[in-house]
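# Observations on chain architecture
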Amino acid sequence: MSSEQQMDQSQLLSSSTANKMIINTFKKKNQKKKKKKNKMMRKCAAKTGATDDTYDLVTFDDLPGYMKDNEYIRNYYRANWPLKQALFSVFRWHNETLNVWTHLLGFILFVGLTCSNMIQVPPVVEFLNIFTTWSSPLGSVGNVSHNSKNFFSDTTKLIDLKHSSSFGMEITQPEVEATRWPFFVFLGGSMFCLLSSSICHLFCCHSHPLNILMLRLDYVGIAVMIITSFFPPIYYIFQCSPHWQILYLSGITIMGIFTIITLLSPVFSTNKFRAFRASLFVAMGLFGLIPAVHAMIVNWNEPSRNIILGYELAMALSYLIGTVFYVTRIPERWRPGWFDLAGHSHQIFHVFVIMGALSHYGAALVFLDFRSKIGCETKM
Ligand SMILES: [Zn+2]
């Protein structure tokens, strides 16, 4: 080996050693960074109960502008998270966890209520009877209508809610004809509202465009719940006065469709139209007063009046108290940062929304019972 070759080799060796040293320094720096990041994440995880390999939660001051909404909630925000992380954050502690779960549990509750009422609908009862005939003398399916097409029609013979069950209990002859679709319209509207609210709270941290879309979905959910809530009372109260029934139901439906189109249109979603959007919700609520006063006047002597009024008053109070919490941001405004994870106004608002919906469900059951007992012979 010549001396030149030896020089080249030693130069090569020294340069590769230098490279190795540089790489090692980078590696060490990266490891340090990683350790620091892991330490921060563990710190955050310890506070929030999250596991490793998760995204960091940030403070209100670190939020992007579009997410800065409630300055009294100081910590545990998710910001610009990918969809997958946002989805799985349903099982993590952050300041939206209880907002998601309150309405998700409300949704599950309403699915349960819908199912429990569905199994009392004739075609489903008949289906269930196939499985229950062995264990009970329930073979008398002739008690209920065989025509599934009649499910949504006025001519369906239905079973009284309070006197029947599909599982091995006696099914009594229906007292009068009744219709259930308005009742299910309300249940469907409530489920849509609660589910869209949960989805909104879960994914609104993803990006600005999705945040806007989610907020619109949330508003539409509220509008759908308001519209569908009108269906059972108007339908059952004015069942014997079809002209009023059609007038009120089509009125609220047209108003509702107009509200939804407005809420979905980008032009009306701007801050400039905030008051206009609020006035649409108020207009829908006020519209409800017309049939309510009308119904009160014509049914003043109806014995179930007080029960229905009690339920509807409980509903109105629930929504009112919930809205007060929503607007005033109590209690977090008294102690900013104290109620970040649990107990802040929006969570309380959600609980009152569910209580309001349950009160209205109670009233809807009474309406259904009233109509199945009284029919249209009574003067309205
Ligand atoms: Zn909400």
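Only a predicted model underlies this, so the values are computations on that prediction, with no experimental measurement involved. (Residues numbered from 1 in each chain as written. Predicted model: local features only at pLDDT ≥ 70, side-chain atom pairs only at ≥ 80, totals over all residues.)

### Quick look at the overall build of the protein chain
From N to C terminus, the protein chain includes 10 helices and 0 strands. When each of the 380 residues of the protein chain is scored for burial, the buried share is 32%. Pairs at least 24 apart in sequence give 65% of the contacts found in the protein chain among residues at least 6 apart. (Helix = DSSP H or I, 4+ residues; strand = E, 2+ residues; numbered from the N terminus. Buried ≥ 20, exposed ≤ 12 C-beta atoms within 10 Å, placed from the backbone. Contact = placed C-beta atoms within 7 Å.)

### Side note on the nonpolar core
Across soluble globular proteins, nonpolar side chains show a tendency to be buried alongside one another. Among the nonpolar cores identified, the biggest contains 44 residues, and Ile 234, Ala 363, Ala 364 and Phe 367 are the most heavily contacted of them. Of all the elements in the fold, those that place two or more residues in this core are helix H3 (97–118), helix H5 (181–203), helix H6 (208–237), helix H7 (242–264), helix H8 (274–298), helix H9 (305–328) and helix H10 (345–374). Not counting residues within four places of it along the chain, the set of residues in contact with Ala 364 comprises Phe 183, Phe 186 and Pro 232. Counting residues in hydrophobic clusters, the runner-up holds 10 residues, among them Trp 81, Val 100, Leu 202 and Cys 205. (Core = buried A, V, L, I, M, F, W, Y, C linked by C-beta atoms within 7 Å.)

### Digging into the UniProt feature "binding site: Zn(2+)" (unreviewed entry) in the protein chain
When the UniProt feature table is mapped to this numbering, "binding site: Zn(2+)" (unreviewed entry) covers His 201, His 346 and His 350. In sequence the annotated residues extend across 150 residues, while in space they remain close, none of their C-alpha pairs exceeding 11.5 Å. Positionally, His 201 belongs in helix H5. His 201 has contacts with Glu 96, Asn 99 and Val 100, leaving out every residue within four places of it along the chain. (UniProt positions renumbered as here; feature names shortened; annotations may be inferred.)

### Some remarks on the packing of H3 against H5
Two elements in contact, H3 and H5, have axes whose closest approach is 8 Å; the angle formed by their N-to-C orientations is 155°. With respect to each other, H3 and H5 are oriented roughly antiparallel. When the axes of H3 and H5 are compared, the crossing they make is left-handed. Residue-level inspection shows Asn 99, Val 100, His 103, Leu 104, Gly 106, Phe 107, Phe 110, Val 111, Leu 113 and Thr 114 of H3 in contact with H5, the latter providing Leu 187, Ser 190, Met 191, Leu 194, Leu 195, Ser 197, Ser 198, His 201 and Leu 202. In the contact of H3 with H5, the residues fall into 11 nonpolar, 8 polar and no charged. (Axes fitted to C-alpha atoms, helices over the stretch in contact; angles between N-to-C directions. Parallel < 35°, antiparallel > 145°, perpendicular 65-115°, else oblique. Left-handed = near helix turned anticlockwise from the far one by under 90°. Nonpolar A, V, L, I, M, F, W, Y, C, P; charged D, E, K, R; others polar.)

### Quick look at H10
When the terminal C-alpha atoms of H10 are compared, their 43 Å separation across 30 residues agrees well with the 44 Å that a helix rising 1.5 Å per residue should span. Burial of H10 is extensive: 21 of the 30 residues sit out of reach of the surface. Of the residues one or two after H10, Gly 375 is the one with positive phi, at around 65°. (Expected span 1.5 Å × (residues − 1).)

### Considerations on unusual backbone geometry
Each neighbour pair has its own omega, and for Ile 330 with Pro 331 the value is 10°, a cis peptide bond. Here Pro 331 shows up in the loop between H9 and H10. Of note in the backbone geometry, Tyr 76 takes a positive phi value of approximately 65° without being a glycine. Assignment of secondary structure puts Tyr 76 in the loop between helix H1 (3–48) and helix H2 (83–88). The exposure class of Tyr 76 is buried, given the 22 C-beta atoms found within 10 Å. Positive phi is not limited to glycine here, since Arg 329 has a value of about 60°.

### Observations concerning H3
Over its 22 residues, H3 runs 31 Å from end to end, which matches the ideal 32 Å to within 8%, given 1.5 Å per residue. Listing the buried residues of H3 in full gives Thr 97, Leu 98, Asn 99, Val 100, Thr 102, His 103, Gly 106, Phe 107 and Phe 110. As for H3, its buried residues are in contact with H5 and H10.

### Overview of the packing of H6 against H10
Running from amino to carboxyl end, H6 crosses H10 at an angle of 25°, the nearest separation of the two axes being 9 Å. It follows from the interaxial angle that H6 and H10 lie roughly parallel. As H6 runs across H10, the sense of the crossing is left-handed. Residues Ser 229, Pro 232, Pro 233 and Tyr 236 of H6 pack against His 360, Ala 364, Phe 367, Leu 368, Phe 370 and Arg 371 of H10. Looking at side-chain class alone, the contact of H6 with H10 contains 7 nonpolar, 2 polar and 1 charged residues.

### Describing the UniProt feature "transmembrane region" (unreviewed entry) in the protein chain
The UniProt entry lists residues 98–119, 183–205, 217–238, 244–268, 280–301, 307–327 and 348–368 under the feature "transmembrane region" (unreviewed entry), expressed in the numbering used here. Between the end C-alpha atoms of residues 183–205 the distance is 35 Å, and the span holds 91% helix and 0% strand.

### Remarks on the environment of Phe 110
Inspection of the secondary structure assignment puts Phe 110 in helix H3. Overall, Phe 110 belongs to the buried group, with 24 C-beta atoms counted inside 10 Å. Put simply, Phe 110 and Leu 358 are 248 residues apart on the chain and 8.7 Å apart in space, counted from C-alpha to C-alpha. With residues up to four places along the chain from it excluded, the contact list for Phe 110 reads Leu 187, Ser 190, Met 191 and Leu 194.

### A short note on the confidence of the model for the protein chain
Residues of the protein chain with pLDDT of at least 70 account for 69%, and the chain-wide mean is 76. Confidence over residues 131–174 falls short of pLDDT 50; this stretch has 64 contacts with residues more than four positions distant or in other chains. (pLDDT = per-residue confidence, 0-100.)

### Quick word on the environment of Met 67
Position of Met 67 among the secondary structure elements: in the loop between H1 and H2. If we skip the residues at most four places from it in the chain, Met 67 touches Tyr 77, Ala 79 and Cys 205.

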